[in-house]
Structures are given as C-alpha cells and as structure tokens.
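Examination of the molecular architecture
The chain contents come next:
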Amino acid sequence: YGLLRLTQPFHLPRAVNAQWAVITLVLMALAWGGLHQRVWLERQYPDLSPVVEELRPLVTPQTVVMTDTDALLRYLLADRLQPDQVVLAYWVDVDGVGGEVGAQRFVARQRADYVLLDGYYGQPGQHERLRQAMDDHYRLRRQWPMQMSWGVRNVELYERKGVTE
C-alpha cells in the first residue's frame, strides 16, 4: 500500500502503479542481496591495513619481509619495498630445498627481518612448524584478530631479535 501511494503522484493507472511497486521491491531485494554478498566477499580475506601501518615505518631499503600474502604486501607497501625484499613463504628456495623446509631454513638462518603469518594461507600445521623454527631468533611483535566470514583468524607479525634494538 505504501509504494502504491508513493507512485500515485505520477497519475498512472492503478495496475501500472502496482507493477512499479513490484519492480521497486524486486530491485530493493537485489540491492540488499548484492550488499550482503559484498560484505561476505570482503570477509574472505584478512584486511592487512593495520599490519601495513605497523610495518611502514620499520621498512628500510635493506629490510626483508617473509610472508604468505606477498601480492598484497607488495601492493600495499610498493612505495617502500622492492620486489626482492618480499619473500614468499613456502616458495622460498634455500640450498635447493623449497616449500615448508625452505621456509624453516630461511628463518632459522635469520634471513628475514620480519615474518608475517596471516592465518589464512598455508596448510594446517605449517605456521606452527615455522614458529618453532623461529623460536630462538624471532619474537612476536604484534598480533591482530581478523574477523573472517567463517570466524576469527589471527594475523601475526614477528621480528628478528635485535632488528629494532
């Protein structure tokens, strides 16, 4: 009744007004559904904005960051990081060995100044084993809980001991 009343000033026949009311309702439902999908899609990946703001003042031309979200980090810190300063965890090659073992060797040899683990990429247990390899040489600098569509994931930023001291 309310939408019919809104269309009455156009002086259209009542049947046309009813059609416009139905079309308006359908379009509103589609718009609401699209908004809901957008919010769902945004929560599929972690928002690394606070991480980037934490890293921005720490990055120098010599800084090396290991991460499992290199594309985002390369894009968000493109003004500060050169492509060779960002190392993709689990794709790094150390002594001809890549994957998880290569990543563990990379941090065990303290080649990264910072290690970013986002809790999204990687197989179950990979991050835990990488943390164990970092135990003696890295400390947790900061942790951010990120609301995802399926629950909360933690994004963790580790720094090599002595890098900011």
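Residues numbered from 1 in each chain as written. Predicted model: local features only at pLDDT ≥ 70, side-chain atom pairs only at ≥ 80, totals over all residues. Heavy atoms only, no water.

Among the surface-exposed residues, Trp-20, Val-22, Ile-23, Val-26, Leu-27 and Leu-30 lie close enough to one another that they form a single nonpolar patch of about 600 Å² accessible area. Residue position: Trp-20 is located in helix α2 (residues 14-42). (Patch = residues over 30% accessible without salt bridge, like charges linked within 9 Å, V, L, I, M, F, W, Y side chains within 5 Å. Areas by Shrake-Rupley, 256 points an atom, 1.4 Å probe, with all protein chains shown as cover. Salt bridge = Lys/Arg side-chain N within 4 Å of Asp/Glu carboxyl O. Helix = DSSP H or I, 4+ residues; strand = E, 2+ residues; numbered from the N terminus.)

Another aspect to go through is the pattern of salt bridges. Applying the stated criterion across every chain, the model contains 10 salt bridges. The residue Arg-129 makes a salt bridge to Glu-100 at a minimum N-O spacing of 2.2 Å. One end of the pair, Arg-129, is in helix α6 (residues 126-134); the other, Glu-100, is in helix α5 (residues 99-108), with 29 residues separating them in the sequence. Taking relative accessible area as the criterion, Arg-129 reaches 35% and is therefore assigned partly exposed. (Buried < 20%, exposed > 50% of the residue type's maximum accessible area, 1.4 Å probe, protein only.)

The subject of this paragraph is α5. Here α5 has its buried residues at Glu-100, Gly-102, Ala-103, Phe-106 and Val-107. What you see down the axis of α5 is that its buried residues fit within an arc of 160°, all on one side. Buried residues in α5 make contact with β1 (65-67), β2 (86-88), β3 (114-117), α6 and β4 (138-148). Of the residues flanking the end of α5, it is Gln-110, one or two places downstream, whose phi is positive at about 55°. (Arc of directions from axis to C-beta. Contact = heavy atoms within 4.5 Å.)

In terms of nonpolar packing, the biggest core is built from 18 residues, with Val-51, Leu-55, Leu-73, Leu-81 and Val-155 touching the most fellow members. Looking at this core, the elements that each hand over two or more residues are α3 (49-55), β3, β4 and β5 (151-160). Other than its neighbours up to four places away in sequence, Leu-55 contacts Leu-73, Leu-77, Tyr-114 and Leu-157. (Core = buried A, V, L, I, M, F, W, Y, C linked by side-chain atoms within 4.5 Å.)

Our next topic: the confidence of the model for the chain. For the chain, the average pLDDT comes to 80, and 79% of its residues sit at 70 or higher. When pLDDT is averaged over each helix and strand of the chain, the minimum, 62, is found for helix α1 (residues 2-7) and the maximum, 90, for β3. (pLDDT = per-residue confidence, 0-100.)

Let's shift gears to α6. All buried positions along α6 are accounted for by Gln-126, His-127, Leu-130 and Met-134. An end-on view of α6 places all buried positions within 90° of arc, on one side of the element. Close packing links the buried residues of α6 with α5, β3, β4 and β5.

The phi torsion at Asp-95 lies on the positive side, around 55°, for a residue other than glycine. Tracing the chain through its elements places Asp-95 in the loop between β2 and α5. At Gln-110, a residue that is not glycine, the phi angle is positive and equals roughly 55°. Tracing the sequence through the fold places Gln-110 in the loop between α5 and β3.

Strand order in the open sheet formed by five strands is β2-β1-β3-β5-β4, and the pairing between neighbours is mixed. Single-partner strands in this sheet number two, and they are β2 and β4. Strand-to-strand twist in this sheet, taken as the mean axis angle between neighbours without regard to direction, amounts to 20°. Of the pairings in the sheet, the one linking β1 to β3 comprises three bridges and is parallel in character. (Pairing = 2+ DSSP bridges. Axes fitted to C-alpha atoms, helices over the stretch in contact; angles between N-to-C directions.)

At a closest axis distance of 8 Å, the pairing of α5 and α6 adopts a crossing angle of 25°. Here α6 runs roughly parallel to α5, going by the angle between their axes. In terms of crossing hand, the pair formed by α5 and α6 is right-handed. Mapping the contact onto sequence places Glu-100, Ala-103, Gln-104, Val-107 and Ala-108 in α5 and Gln-126, Arg-129, Leu-130, Ala-133 and Met-134 in α6. Per-class residue counts for the contact of α5 with α6 are six nonpolar, two polar and two charged. (Parallel < 35°, antiparallel > 145°, perpendicular 65-115°, else oblique. Left-handed = near helix turned anticlockwise from the far one by under 90°. Nonpolar A, V, L, I, M, F, W, Y, C, P; charged D, E, K, R; others polar.)

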